[in-house]
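Residues per chain, in single letters:
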Amino acid sequence: MGSLMAGLFAIVYRYTIRMDGARDQLKQGVVGAFTLTRALGRVTVPASCSSVPLYCGEPLGYLDWNMLTQIGVNVVESGIMFAATAAAMDVCMNKGWIKKFPG
């Protein structure tokens, strides 16, 4: 599933990085958006959480330690995956294997 997500990211990244020269913040923003979306979507909510009112336990009330650990691990894993994909796309664009879209 990760390779499918990385492929979709590569398509979006290619559209984002155009010939007119993208800013580094824009590149980082695309990586960050995909990272957060994937990381938060992979969190499993324990059965001990109540929905009304939302409460799962310490330390934050709506997130317990298990969920925070899941988020941390998923952010690192997703960040590495999407950053590596972005770096690979940049290398391919610089070598001319993949063309940038006109700006």
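Below is a short write-up of the structure. (Residues numbered from 1 in each chain as written. Predicted model: local features only at pLDDT ≥ 70, side-chain atom pairs only at ≥ 80, totals over all residues. Heavy atoms only, no water.)

Viewed as axis vectors pointing N to C, helix 1 (residues 2-16) and helix 3 (residues 65-95) meet at an angle of 50°, and their least axial separation amounts to 10 Å. One way to sum up the angle between helix 1 and helix 3 is to call them oblique. In terms of crossing hand, the pair formed by helix 1 and helix 3 is right-handed. Within the contact between the two elements, helix 1 uses Gly2, Met5, Ala6, Phe9, Ala10, Tyr13 and Arg14 and helix 3 uses Met81, Phe82, Thr85, Ala86, Met89, Asp90 and Met93. When its residues are assigned to classes, the contact of helix 1 with helix 3 shows 10 nonpolar, two polar and two charged. (Axes fitted to C-alpha atoms, helices over the stretch in contact; angles between N-to-C directions. Helix = DSSP H or I, 4+ residues; strand = E, 2+ residues; numbered from the N terminus. Parallel < 35°, antiparallel > 145°, perpendicular 65-115°, else oblique. Left-handed = near helix turned anticlockwise from the far one by under 90°. Contact = heavy atoms within 4.5 Å. Nonpolar A, V, L, I, M, F, W, Y, C, P; charged D, E, K, R; others polar.)

Position of Thr85 among the secondary structure elements: in helix 3. When neighbours within four sequence positions are excluded, Thr85 is seen to be in contact with Ala6, Phe9 and Ala10.

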